[in-house]
Amino acid sequence: MNAILTHAPALFVVLPFVAAAIAALCPRHVAAWIAAITACLVLALTVGYEISTEGARPLIYAFGGFAPPAGITFRIDDFNIIPIILISAIGAVAALHTLGDGAHEASGSRGSLAPALLLLEIGALLGVASTGDAFNLFVFLEVASVSAYGLVALGGDRDKRGFKAAFDYLIFGALGASFYVVGVGFLYMSTGSLNFADIAARLRVAPAPQLEAAAYGFLFTGLALKAAMFPLHGWLPRAYALAPSFATALLAGASGAAALLALARVTFGVFGDAHPMIVMVLQTLAAPLGAAAILWGGLRAIYAKDARLMLSFSAVAEAGFLFLGLSLGTQAALAAVLVKIIADGLGKTTLFVAAASARRLTSSTSVESWRGAFARQPAAAAALSIGLASTLGAPLTLGFVGKWLLVDAAIARGWIWAAVIMVIGSILPVIYVGRSLERVLFQPGPPAPEGVKASPFSIAPILLCAAALVITGVASAPLVDAAGSAAAELMAEGAR
Amino acid sequence: MNVDLADLAARINNIAVVGLMMAGLFITFASGHLVKRLIGLSIFQTAIFVFFITMGKVTGGTAPILLPDERTPIYSNPLPSVLILTAIVVSVATLAVGLAIVVRIKEAYGSAETDDVAAADIALDADAQT
Amino acid sequence: MTEARHLVLRISVKILTPLIVLFALYVQTHGEYGPGGGFQAGVLLASAVVAYGLVFGPAAATRLAPPVAAGVLAALGIVLYAATGAISPFIGGSFLDHDGIAEALQIQPTTGQHIGIVLVEWGVFFTVAGSMIAIFYAFMASPADEQTEDFDSDESEEAH
């Protein structure tokens, strides 16, 4: 048991990859079971690893026994263990959903590809979160992206616009990765190293301001494309709205979060926030564009009639919150961003899975189809309502804690305008979330068709997610403390 | 204007890379055909490969191979080339997925022209709204 | 009539295909010390199938290398790679540390590294060959090929 946990960092990436290769060859229902079991195992591994290494982090896992900086390493510290657990939890929810109400969305000859791609995506996102090597991060980003293009394109079987959405996603995703890799090139030119910790150490000894500035510019642009920062978000709404629901649950919950965490690591862990280029990029690019995303995403979500499009634009607005939070550049803001990432990840996954379950009973995707959902299927509707409440930032949910901490950090930093934008951005969802909640809870709707029932494989995991949102929202102290110490550790890593 | 020509000549690779990158980016966004847009993306990525490989070149350096008489010659840095080997694999995978999606777009829409696909999408969006 | 056309092409591909396969195996088996290795060899092997498929048509190519086999080959490669890497953690080393193989077999560490690299390269070879062939089939079998050159359309008519 102990030996397994020692090798957990390698296992939770390798296991999904191997399982994906096997699942792709199996019949559809076997593949879905393989995906679900593997994703649950990975979740168990990450949680077990967190518990067994409590207090012993940061831990470095050197692949092939080659010590850093020469070898490729995974670095698990207090900062990335939280997102690692989040990603594996979202992965488990999405994989279980392919057994439940998502099963009918990928059928026919390509049926077993969906679970395989899902597993590849989970493994790659965990790799993005845990790797300590700049180029390795690029490879994992691309494995995650290529599987994501495949997952989105699976939606084209039901609605041909899915193919075009996948194509646009591919163009933007590939450009983002290319920009990132140019940045890695400049980093390598200036330091001769690819290991994040080693690069940070070498930059302290021999700074190369011009190359650093060029490197950060490219790294920021590339990762901002992957994390869908306004106005580089153009690919996101249609890709998320047209992909199969299990794919959207994973992508909306975990993929943007992984890119944003990589950006936080590069910004605060490698360069440190003292470099003038970074201050410039954060204050004159990330801050105003984040603010614009909050307003634009919120407004577009109000006008979206399709439920999934509405949630996708809400994801754009939430990315805006995260970028505005990052641009504050303080430790409190970084901790708030971490809490907000967890709230968004759990919330979006719950919402997309619940929306898929609700849709099975009405076969429509518009918000109107949520009418009477509570009467038809109380469990799914409860999860849907809690997810919506967290998106809204209603008190007693984690969404509220995240937004509260962000506004608090903005005021502490003296950026009153940012706090005002965040408050406005929290009022906009009142319109679209309120409208949706009214449909779900109070309006009468048609009865459920005979013989169609929501599957427990979809409902049970999202009820757990919803419960987690409420529990961490009510008793937020442990999570907020953990996020605070995680942010402190990352800031200390990059301090000059 | 005081341009140091020798300095410029020493950085000719970077100028070529930037030129190729811009050409690739332009084709990616301005082309009217989806396959051409993927070709533009490939040019963009290839420019980055050139950037990495020229970065590792040492003047007068050879391949990093141990000679029979245990002599160590001046050799170019092999690491960027190795990284680019991986990046090429990644870009081939992306290109294959992209072309596969274009094939499916062609089947579904009957055209792979950007304008035709966009027009069909707008019509479908309008249908979905009503 | 297709027999009569492209006679040079047919004959030369017939001669070249076995040679390409042989060369692929040469590049593979000399890859751990010389230039070459699993990736290059896998692409070479796949290129033999591609050349054969382009000239003799999809039916002939799938007889030579069934699509299912391509998928199995690709998956087998990944499993072989991961299994090789997973030997070492049982001895106490980290993932992919081939010194573990030497310890398990009670041989020189360098020999252990050698065995590990050779096995990993075979894994890469299988996966690359399998996926390249699978990619080729994915485009070849597509019904959207109406507008291809007449050289190709002859072959697909023959196949149907």
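Residues numbered from 1 in each chain as written. Chains lettered and ligands numbered in written order. Predicted model: local features only at pLDDT ≥ 70, side-chain atom pairs only at ≥ 80, totals over all residues.

Caption draft 1: Examining the overall build of chain B more closely. Within chain B one finds five helices and zero strands. In chain B, the succession of α and β elements from N to C terminus is α-α-α-α-α. Taken along the three principal axes of its C-alpha coordinates, chain B extends 75 × 50 × 20 Å. Counting every position in chain B, which comprises 130 residues, the buried fraction comes to 28%. In chain B, the share of contacts with a sequence separation of at least 24, taken over all contacts with a separation of at least 6, comes to 46%. (Helix = DSSP H or I, 4+ residues; strand = E, 2+ residues; numbered from the N terminus. Buried ≥ 20, exposed ≤ 12 C-beta atoms within 10 Å, placed from the backbone. Contact = placed C-beta atoms within 7 Å.)

Caption draft 2: Layout of the overall build of chain C. Across its full length, chain C carries seven helices and zero strands. Starting at the N terminus and walking to the C terminus, you meet the elements of chain C as α-α-α-α-α-α-α. Considering chain C as a whole, with its 160 residues, one finds that 41% of them fall into the buried category. Sequence separation of at least 24 residues holds for 62% of the intrachain contacts in chain C that already meet a minimum separation of 6.

Caption draft 3: Summary view of the interface of chain B and chain A. In this assembly, 29 residues from chain B lie in contact with 24 residues from chain A. At the level of secondary structure, the elements contributing two or more residues to the side of chain B that touches chain A comprise helix 3 (34-55), helix 4 (78-109) and helix 5 (114-129) of chain B. Top element by residues in the side of chain B that touches chain A is helix 4 of chain B. It accounts for 14 residues. Grouping the constituent residues of the side of chain B that touches chain A by class yields 20 nonpolar, six polar and three charged. (Nonpolar A, V, L, I, M, F, W, Y, C, P; charged D, E, K, R; others polar.)

Caption draft 4: Local environment of the interface of chain C and chain A. Counting residues at the interface gives 13 residues for chain C and 15 residues for chain A. The element best represented in the side of chain C that touches chain A is helix 4 (residues 67-91) of chain C, accounting for seven residues. Counted by class, the side of chain C that touches chain A contains eight nonpolar, three polar and two charged residues.

Caption draft 5: Structural view of helix 13 (residues 307-328) of chain A. All names here are of chain A. Taking 1.5 Å as the rise per residue, helix 13 with 22 residues should run 32 Å; its terminal C-alpha atoms sit 32 Å apart, in good agreement. In terms of burial, helix 13 is largely enclosed, as 22 of its 22 residues are buried. Trailing helix 13 by a residue or two, G329 shows a phi angle of about 75°, which is positive. (Expected span 1.5 Å × (residues − 1).)

Caption draft 6: Spatial organisation of the confidence of the model for chain B. Overall, the predicted model of chain B reaches an average pLDDT of 86, with 95% of residues at or above 70. By mean pLDDT, the top-scoring element of chain B is helix 3 of chain B (93), and the lowest-scoring one is helix 1 (residues 5-10) of chain B (78). (pLDDT = per-residue confidence, 0-100.)

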